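# Coordinate inspection notes
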Amino acid sequence: MNRTWKLMKEMRKVLLPGFVCPKSRVCWRWGKGVDRYSDGANHIDNGAVNINGTKTLIYFHPDTHSADIMVDGSAKVVMTSQEREKLFNIESEANHYIHPDNHSADMIIDGEMHVSMTLAERKRLSLMDPLAAISDLVDYTDVVTYFAFDAQGRVIRQVITDNYTEQMVTEPLLTLPISTDGYKQNDSFLVISVGEIHRFDGQAFMQLPTLVDVIYQYDDEGKLDSKSITRMGATPIQTNFKYNYDSLGNRIAVKKY
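Residues numbered from 1 in each chain as written. Predicted model: local features only at pLDDT ≥ 70, side-chain atom pairs only at ≥ 80, totals over all residues. Heavy atoms only, no water.

## Topic: unusual backbone geometry
So the rule is basically this: Under the DSSP-based scheme used, a helix requires at least four consecutive residues in state H or I and a strand at least two consecutive residues in state E, with every element numbered from the N terminus.
Despite not being glycine, Asn186 has its phi angle at roughly 80°, a positive value. Within the secondary structure, Asn186 sits in the loop between β7 (168-169) and β8 (187-191).

Spelled out as structure tokens, the structure:
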């Protein structure tokens, strides 16, 4: 009779009716008298049984065994052969990314604080003539310069008046309003269509004297095509400018007449 059979006979003889499972242990009842317990903190006891107060080890975990008998746990899982093959085929540092020293601007998108520039915007910026667009165009002081812009933000008219009358500059208008409703005394504005400055004196709109009137015109690509400057006086003097460009959009000549 082998050792296991003898052990089973001893287990049948044992009767522990008042057995209480100790805390922190997992217990099983075998028949009527044998209790197997396992200490949750010590896996060595997983194969032991308690026979009349004596711990007897009846199971030995092998040093090695197939991974097929393992199942996924709550924190760690078992790797499959397919997952191992996939991992094996990943090159070393495959997910190690190094940003290139240079790349096309086409991959950049606008952010909340900074934006990228388009070719059209660069061309438009290169064609801007700050002195022509924002200069007072006069050499003396005590003047006010009014501007009007198109939907693309380009200056289309520039009118200069003197500063001897108090003016509260408001939005430019295409035509003169038919009513003074909503205007306060000294409100003034540029009438784009005629190049005049009007001021509300409390009763009616009064035209202020014009010193200089400048008109800007653009071609279909947004380049400044021509400009006329009219200086008022006893005899108004008008000076015209015509701009020429090469195939790349660079300004190569200005005709003044």
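Structure shown, so let's carry the discussion forward.
## Considering the nonpolar core
We count it as follows: Residues belong to one nonpolar core when they are buried, are Ala, Val, Leu, Ile, Met, Phe, Trp, Tyr or Cys, and are joined through side-chain atoms within 4.5 Å. Exposure is judged per residue with a 1.4 Å probe applied to protein chains only, and the accessible area is read against the type maximum: over 50% gives exposed, under 20% gives buried, and values in between give partly exposed. Contact between two residues is taken to exist if any of their heavy atoms lie within 4.5 Å; hydrogens are not considered.
One finds Val143, Val155, Ile160, Val212, Val214, Tyr216, Leu224, Ile229, Phe241, Tyr243 and Tyr245 forming the largest nonpolar core, which totals 11 residues. Within the residue set of this core, elements represented by two or more residues are β6 (155-162), β11 (210-218), β12 (224-231) and β13 (237-245). Those residues in contact with Tyr243 that sit more than four places away from it in its chain are Leu224, Asp225, Ser226, Lys227, Arg251, Ala253 and Val254. Residues Ala148, Val159, Ile192 and Ile197 belong to the second largest nonpolar core, which totals eight residues.

## Things to note about the pairing of β8
The condition that has to hold: The criterion for strand pairing is that DSSP finds at least two bridges linking the strands in question.
With five of five residues buried, β8 lies mostly within the body of the structure. Burial of β8 is two-sided: the residues Asp187, Phe189 and Val191 facing one way and the residues Ser188 and Leu190 facing the other way are all buried. Where β7 meets β8, two bridges bridge the pair, whose relative direction is parallel. If you follow Val169 over to β8, its bridge partner there is Ser188. With four bridges joining them, β8 and strand β9 (residues 196-200) adopt antiparallel strand pairing. When the sheet's bridge partners are listed, Phe189 is paired in β9 with His198. Two successive antiparallel strands, β8 and β9, enclose a turn made up of four residues, where Gly195 displays a positive phi of approximately 70°.

## Remarks on the packing of aromatic side chains
We apply this condition: Only Phe, Tyr and Trp rings take part, Trp by its six-membered ring, and two of them pair if their centres are within 6.5 Å. Stacked means planes under 30 degrees apart, edge-to-face means over 60, and tilted covers everything else.
All chains considered together, the criterion is met by five aromatic pairs. With a centroid separation of 5.2 Å and an interplanar angle of 90°, the aromatic rings of Tyr183 and Phe205 are classed as edge-to-face. Placement of the pair is Tyr183 in the loop between β7 and β8 and Phe205 in strand β10 (residues 205-208), with a sequence separation of 22 residues. Exposure remark for Tyr183: the relative accessible area of 23% places this residue in the partly exposed category. Since its relative accessible area comes to 15%, Phe205 is described here as buried. Relative to Phe205, the ring of Phe189 lies with its centre 5.3 Å away and its plane at 80°, an arrangement referred to as edge-to-face.

## Details of the environment of Gln185
Along the chain, Gln185 falls in the loop between β7 and β8. Taking the C-alpha atoms as reference points, Gln185 and Met168, 17 residues apart in sequence, are found 8.5 Å from one another. Excluding residues that lie within four positions of it along the chain, Gln185 makes contacts with Phe200, Asp201 and Gly202.

## Regarding the sheet that holds β10
Ordered in space as β7-β8-β9-β10, the four strands form an open sheet in which the pairing is mixed. A strand with exactly one partner marks an edge of an open sheet, and here the two such strands are β7 and β10.

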